[in-house]
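Structural characterization, general
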Amino acid sequence: MTSHYLNRKGFGWLMEVEDEDLDDERPLLEELDINCNDIYYKLRCVLFPCPQLGYQHKIVRENPDFWGPLLVVILFSLVSVYGQFRVVSWIITIWILGSLVIFVLARVLGGEVSYSQCLGVIGYSLLPLIVTATVLPVLYGLHYLCLIVQGLGIFWAAYSASSLLISDELQSKKPLLIYPVFLLYVYFFSLYTGA
């Protein structure tokens, strides 16, 4: 009855259904451009930033993706959310804006880096802070050991991000970019600890 009424008024096209060929549909992961093996390899590159281990670290910078870093940032947010739900939006905001600041600094220093590369590297490099955050509850009563572990975790994240982000043309200006990256991870970890 409704289709007959719409046809009379000239709006019959609203009720038409296209016959789509279901054979042409791609899987969801392929449709969203999510490569799980690639994300896993990049996570290993971040966790083991030393060049002696044989990982091709330039892949993280040269082949940026969005879903892997977003997964790591959300995982860090979930670790930080214990008792502090308001921190989740701050972590995502600081990830996006902090990556923008690092991008601008890298470009000013003469580096050929894109914003998506900075976003990916900064996001993936939160993984050492997640590892540190899972170790800290075990060391709850040992205040000085907790401080040492926190410092090592922040240094690990900053070293991982800087080694992935700094290319050959920025080697002479490396300390100028490592310091802001280090401060960004100090701020990330202060959102976790609440200090």
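Residues numbered from 1 in each chain as written. Predicted model: local features only at pLDDT ≥ 70, side-chain atom pairs only at ≥ 80, totals over all residues. Heavy atoms only, no water.

Description of the side chain of S125
Just so we agree on the cut-off: A helix here means a DSSP run of H or I that spans at least four residues, while a strand means a run of E at least two residues long, and both kinds are numbered starting from the N terminus. Relative accessible area decides the class of each residue, using a 1.4 Å probe on protein chains only: under 20% of the type maximum gives buried, over 50% gives exposed, and in between gives partly exposed. We call two N or O atoms a polar contact when they sit within 3.5 Å, provided that within protein one can donate a hydrogen and the other can accept it, with sequence-adjacent residues counted only if both atoms are side-chain atoms. For this analysis, residues touch if any pair of their heavy atoms sits within 4.5 Å.
Relative to the helices and strands, S125 resides in the loop between α7 (115-124) and α8 (127-135). Of the residues examined, S125 reaches a relative accessible area of 0% and is grouped as buried. Within the local environment of S125, its side chain forms a polar contact with the backbone oxygen of V121, the two atoms lying 2.9 Å apart. Beyond its immediate sequence surroundings of up to four residues, S125 is in contact with V46, A157, S160, A161, L164 and Y185.

So, the pattern of salt bridges
How we decide: Salt bridges are identified by distance alone: a Lys or Arg side-chain nitrogen within 4 Å of an Asp or Glu carboxyl oxygen.
This structure, assessed with the given rule, holds 1 salt bridge. Two residues, R107 and E112, come together in a salt bridge whose shortest N-O distance is 3.7 Å. The class of E112 is exposed, set by a relative accessible area of 61%.

A closer look at the nonpolar core
Note the threshold: Here, nonpolar core refers to any group of buried Ala, Val, Leu, Ile, Met, Phe, Trp, Tyr and Cys residues whose side-chain atoms link them within 4.5 Å.
By size, the foremost hydrophobic cluster in this structure holds 45 residues, and its most contacted members are F76, I102, I122, L126, L129, Y185 and F188. Contact partners of L129, with chain neighbours within four places excluded, come to F76, G153, I154, A157, Y185, F188 and F189.

Considering the packing of helix α5 (residues 67-80) against α8
Stated precisely, the cut-off is as follows: Geometry is summarised by axes, namely lines fitted to C-alpha atoms with helices restricted to the contacting stretch, and by angles between N-to-C directions that run from 0 to 180 degrees. Note that the term roughly parallel is reserved for angles under 35 degrees, roughly antiparallel for angles over 145, roughly perpendicular for angles of 65 to 115, and oblique for everything else. What makes a crossing left-handed is the near helix being turned counterclockwise from the far one by less than a right angle; a clockwise turn instead makes it right-handed. When residues are sorted by character, Ala, Val, Leu, Ile, Met, Phe, Trp, Tyr, Cys and Pro go into the nonpolar class, Asp, Glu, Lys and Arg into the charged class, and all the rest, Gly among them, into the polar class.
With their axes 9 Å apart at the nearest point, α5 and α8 run at an angle of 25 degrees to one another. Judged by the angle between their axes, α5 and α8 are roughly parallel. Considering how the two elements wind past one another, α5 and α8 form a crossing that is left-handed. Only L127, L129, I130 and A133 of α8 make contact with α5, whose side of the interface consists of V72, L75, F76 and V79. Residues that form the contact of α5 with α8 fall into these classes: 8 nonpolar, no polar and no charged.

Regarding the packing of aromatic side chains
Each aromatic ring pair is summarised here by two numbers: the centre-to-centre distance and the angle between the ring planes. Here is the rule we go by: Centre distance within 6.5 Å is the pairing criterion for rings of Phe, Tyr and Trp, where only the six-membered ring of Trp is used; planes under 30 degrees apart are then read as stacked, over 60 as edge-to-face, and the remainder as tilted.
Evaluated as defined, the whole model comprises 3 aromatic pairs. Ring centres of F155 and Y159 lie 6.3 Å apart, and the angle between their planes is 20 degrees; on these two criteria the pair is classed as stacked. With a gap of 4 residues between them, F155 and Y159 both fall in helix α9 (residues 143-165), about one helical turn apart. For F155, a relative accessible area of 51% corresponds to the exposed category.

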